[in-house]
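Residue strings, one per chain:
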Amino acid sequence: MRTLLGRWQTWAGFGVAAVLLFGVAPVVLSDFRLSMFGKFLCFAIVAVGIGLAWGRGGMLVLGQGVFFGLGGYMMGMHLKIADAELRGDAVPDFMQIAGVRELPGYWQPFASPAFTVLAILVLPTAIAAALGFGVFKRRVKGAYFAILSQALAAALAILLVGQTSLGGSNGLNRFRTFFGFTLNDPANRRMLYFIAAATLLLVVAAARQLMQSRYGELLVAVRDAEERVRFLGYDPANIKVVAYTVAALFASIAGALFTPIVGFIAPSQVGILPSIAFLIGVAIGGRTTLLGPVLGAIGVAWAQTLFSERFPSQWIYAQGLLFIVVVGFFPAGLAGIAALLRRRRRRAAEPGTAPEPLAPETDPQKVGAAT
Amino acid sequence: MTPVDTATPKEPAFGGNAGMRTEYLEIRGLTVDFDGFKAVDNVDMTLFQGDLRFLIGPNGAGKTTLIDAITGLTPATGSVNKSGVELLGRKVHQIARLGVGRTFQTASVFEELTVLQNLDIAAGAGRSWWTLLRRRRGVLPEIEQALETIGLTHLADRPAGVLAHGQKQWLEIGMLLVQNADVLLLDEPVAGMSHEEREETGNLLRRIGAERTVVVVEHDMDFMRAFATSVTVLARGRVIAEGSVAEVQANPKVQEVYLGTAAAAGSEETA
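Since the structure is predicted, the reported quantities are computational estimates derived from the model, not experimental observations. Here the residue numbers are simple positions, counted from 1 along each chain's written sequence. To read the labels, note that chains go from A and ligands from 1, taken in the order they are written. Only residues with pLDDT of 70 or above have their local features reported here, since the model is predicted, and side-chain atom pairs are shown and tallied only from 80 upward, although totals for entire chains, interfaces and linings are computed over all residues.

Draft legend 1. Geometry of the overall build of chain A. Put simply, DSSP marks the helices as runs of H or I at least four residues long and the strands as runs of E at least two long, and each gets a number from the N terminus on. Tallying secondary structure elements over chain A gives 15 helices and 4 strands in all. Taken over the C-alpha atoms alone, chain A extends approximately 85 × 50 × 45 Å along its principal axes. For chain A, the proportion of its 371 residues judged to be buried stands at 42%. Considering only residue pairs separated by 6 or more positions, chain A has 78% of its internal contacts joining residues 24 or more positions apart. Backbone-placed C-beta atoms define the burial measure: a residue is buried with 20 or more other C-beta atoms within 10 Å of its own, exposed with 12 or fewer, and partly exposed in between. Contact criterion: two residues are in contact if their C-beta atoms, reconstructed from the backbone, are within 7 Å.

Below, the structure is given as structure tokens:
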């Protein structure tokens, strides 16, 4: 009975989300705002992965910009090649200006749309898996893992700035088409938004399945008592690698959607700052829940936009303050507050079901004697 | 699990109760060396299925280190042979999969997961990824049975974090049962328990010890006298005595060790 209700609730939840994303948002929002909302949805896709890896798996992923950037740059490379081909040029515009006559070797496979999509899905996943095995098998965890992942983001950003064949610090921008659709057309930009919205729903559904499966229970167990899990016959490294890899995949997909929606991808989207910004929304929304990270990421990004439009340079302070308040006083995020209220209301509604005392009393003297 | 077993419920007995087909754990020359300090020094010990062995000794005798070495947590030299399989040199999770389970001095259960989820995880080390990625449906019969054995059936859906101390220890023992461990190493399972809880734990150990090899590290001498079928005394990393409860208590070396450290073994627990 309860599972039937639960399933019904789930479908209803997805239904409401779909109506909001596909029905209400395109009607209420202007084309400009809709496109901006599409960008927020990309951040939300990253956030779902962080919620899984950090909230459920306890891995503080401070470098999701790496995978976001990988996805974004790979998509950007394909779009630039496609634009150049359309104009009849051998190389993208920014290379022409730099005097490059021939497409660099590592660009060439990205001329194929199929290869590009496949690479966006496979390459970051493979890198995350290799990295994860290397790190988790050696039992690197906690702050060390966080620093490592952040250093990686910094390193990639620095590397990209130095790559003139990837646009240097400007990155890749001024895309004209997306898989044959001109990006000038508002209808096509709306289509991009719909793709992002559909992807977000899929990603949430996938994360939900992972969290509610036996794997999800095991992941929480690893988060809370890794050594204990080891003594039950599991290798915790394998369990963590899966969550880390899935988070990387989500970030890569988000980056690949971000590039055409926003119209550029640059080292500034890859480094430490954006990586931390991804985290803030997750922390505020509630990292251990499924929807907390989604709503937190969208909410923070939205607040940032509104705030920055009024007070251009002060958002960073507001963001910092928000982060401190949430982490310091509401470690479970807004979702934690919601859960607390719900529990309180339920307790008020049925006062008869107060938790009965569970324990036979323990004799304090014996406690002392035995240790 | 032959029909004979169920027809005649066995009791743990000195030297084991399984006869020729017994499972065993044979420890030979086990040494744990912490930079020159030998926490466990050349220990020999043989355990048979159905023997409820208590491991006692003063603080710092190396009891917990011995368990750490057997379970692969601490590197050691020598040999630990479980029914023909060498354990030393294997990784912690591999040793666990070979049927060696342990508990810890501080009960360590997964506090945010329910009792049922705790047991389900303990039962699942051999699961395929396909099974892992799907949802848990229903309760496995062995888990139901374990819940019954440890007396937590009515709390199956409670988060393990809200259990009383004693109940957490029982849950840990239940996790070893569904893990299908046939060598159980329990590190001070009754520490911090009330008198009634100790009694119940002892009976629980008697029940599960009949078909398994159980080692209990314990400080509580009353508890030891009431439930042990055999005793090994450890001091400064060495085995100084082994035998039945009566034999060990009569051993002058044991009396000396306990007199020298913490008053006599008998009077220690009268407080």
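Let's pick the thread back up.
Draft legend 2. Representation of the sheet that holds strand β4 (residues 77-82) of chain B within the structure. All names here are of chain B. Read across the open sheet, the 4 strands follow the order β2-β1-β4-β5; overall the sheet is antiparallel. Since the sheet does not close on itself, it has two edges, and those belong to β2 (37-48) and β5 (85-86), each with one partner. In this scheme, strands are said to pair when DSSP sees at least two bridges between them. As paired elements, β4 and β5 share 2 bridges and run antiparallel to each other. Bridge pairing links asparagine 81 to glutamate 86 in β5. Sitting on the sheet, helix α2 (residues 63-70) touches β1 (24-34), β2 and β4, and the angle it makes with β2 is about 70°. Inter-axis angles, ranging from 0 to 180 degrees, are taken between N-to-C directions of lines fitted to C-alpha atoms, where helices are fitted over the stretch in contact.

Draft legend 3. Structural detail: the packing of helix α11 (residues 272-285) of chain A against helix α12 (residues 292-310) of chain A. Residues and elements named next belong to chain A. Where α11 contacts α12, the axes come no closer than 7 Å and their chain directions differ by 120°. What the angle tells us is that α11 and α12 run oblique. For the crossing formed where α11 meets α12, the hand is right-handed. Residues Ile280, Gly281, Val282, Ile284 and Gly285 of α11 touch α12, and the partners they reach there are Gly292, Pro293, Val294, Leu295, Gly296, Ala297, Gly299, Val300 and Ala301. Our angle categories are set so that under 35 degrees counts as roughly parallel, over 145 as roughly antiparallel, 65 to 115 as roughly perpendicular, and the remainder as oblique. A crossing counts as left-handed when the near helix is turned anticlockwise from the far one by less than a right angle, and as right-handed when that turn is clockwise.

Draft legend 4. Region of interest: the sheet that holds strand β9 (residues 230-235) of chain B. Residue and element names in this part refer to chain B. What the 6 strands build is an open sheet, ordered β6-β7-β8-β3-β9-β10; its pairing is mixed. If you trace the sheet from one side to the other, it starts and ends with β6 (100-102) and β10 (238-243), each paired once. Across the sheet, the mean angle separating the axes of adjacent strands is 20° when strand polarity is ignored. Relative to strand β8 (residues 213-217), strand β3 (residues 52-56) is paired through 4 bridges, and the arrangement is parallel. Directly across from leucine 52, in β8, lies its bridge partner valine 214.

Draft legend 5. Up close: the packing of helix α8 (residues 214-224) of chain A against helix α4 (residues 115-122) of chain B. Contact pair α8(A) / α4(B): the axes reach a minimum separation of 10 Å and the direction vectors enclose 95°. Comparing the axis directions of α8(A) and α4(B) gives the class roughly perpendicular. Here Arg214(A), Glu217(A), Leu218(A) and Ala221(A) of α8(A) lie close against α4(B), whose contacting residues are Gln117(B), Asp120(B) and Ile121(B). Broken down by class, the residue content of the contact of α8(A) with α4(B) amounts to 3 nonpolar, 1 polar and 3 charged. Under the grouping applied here, Gly and all other residues not named as nonpolar or charged are polar, the nonpolar ones being Ala, Val, Leu, Ile, Met, Phe, Trp, Tyr, Cys and Pro and the charged ones Asp, Glu, Lys and Arg.

Draft legend 6. Inspection of the environment of Ala84(A) at higher detail. All names here are of chain A. Looking at where alanine 84 falls in the secondary structure, it is placed in helix α3 (residues 64-87). With 19 C-beta atoms counted inside 10 Å, the residue alanine 84 sits in the partly exposed group. Remark: the alpha-carbon pair of alanine 84 and threonine 289, spanning 205 residues in sequence, is separated by 44 Å. Leave out the neighbours within four places in its chain, and alanine 84 touches Asp89, Ala90, Val91 and Pro92.

Draft legend 7. Region of interest: α11(A). All names here are of chain A. To estimate how far a helix should reach, multiply one less than its number of residues by 1.5 Å. Compared with the 20 Å implied by 1.5 Å per residue over 14 residues, the 21 Å span of α11 between its first and last C-alpha is a close match. The element α11 is largely enclosed, with a buried count of 11 among its 14 residues. Among the residues making up α11, those that are buried are Pro274, Ser275, Ala277, Phe278, Leu279, Ile280, Gly281, Val282, Ala283, Ile284 and Gly285. Immediately beyond the C-terminal end of α11, within one or two residues, lies glycine 286, with a positive phi of roughly 120°.

Draft legend 8. Structural view of the nonpolar core. Buried Ala, Val, Leu, Ile, Met, Phe, Trp, Tyr and Cys residues form a nonpolar core when they are connected through C-beta atoms within 7 Å. Membership of the largest hydrophobic core comes to 176 residues, with the highest contact counts inside it found for Ile45(A), Ala247(A) and Phe250(A). Among all residues touching Phe250(A), those that are not within four sequence positions of it are Ile45(A), Val46(A), Val48(A), Gly49(A) and Val203(A).

Draft legend 9. Structural context of the interface of chain B and chain A. Each side of the interface is counted separately: chain B has 43 residues, and chain A has 28 residues. If you list the elements that add at least two residues to the side of chain B that touches chain A, you get α3 (92-97), α4, α5 (129-132), α7 (165-178) and α8 (195-209) of chain B. Here the residues of the side of chain B that touches chain A are counted per class, giving 18 nonpolar, 13 polar and 12 charged.

Draft legend 10. Seen up close, the confidence of the model for chain A. Residue and element names in this part refer to chain A. What pLDDT expresses is the predictor's confidence in each residue, scored from 0 to 100. Of all residues in chain A, 92% attain a pLDDT of 70 or more, and the chain-wide mean is 89. Model confidence for chain A, summarised as mean pLDDT per element, is weakest for helix α15 (residues 364-370) at 35 and strongest for helix α10 (residues 236-262) at 97. Across residues 352-371 the pLDDT falls below 50, and counting only partners more than four positions away or on other chains, this stretch makes 29 contacts in the model.

Draft legend 11. Examining the pairing of β1(B) more closely. All names here are of chain B. Alignment of β1 against β2, held across 8 bridges, turns out to be antiparallel. Each residue of the ladder has a partner; that of isoleucine 27, found in β2, is methionine 45. In this sheet, β4 lies alongside β1 in antiparallel orientation, the contact comprising 5 bridges. The partner of glutamate 26 across the bridge, within β4, is asparagine 81.

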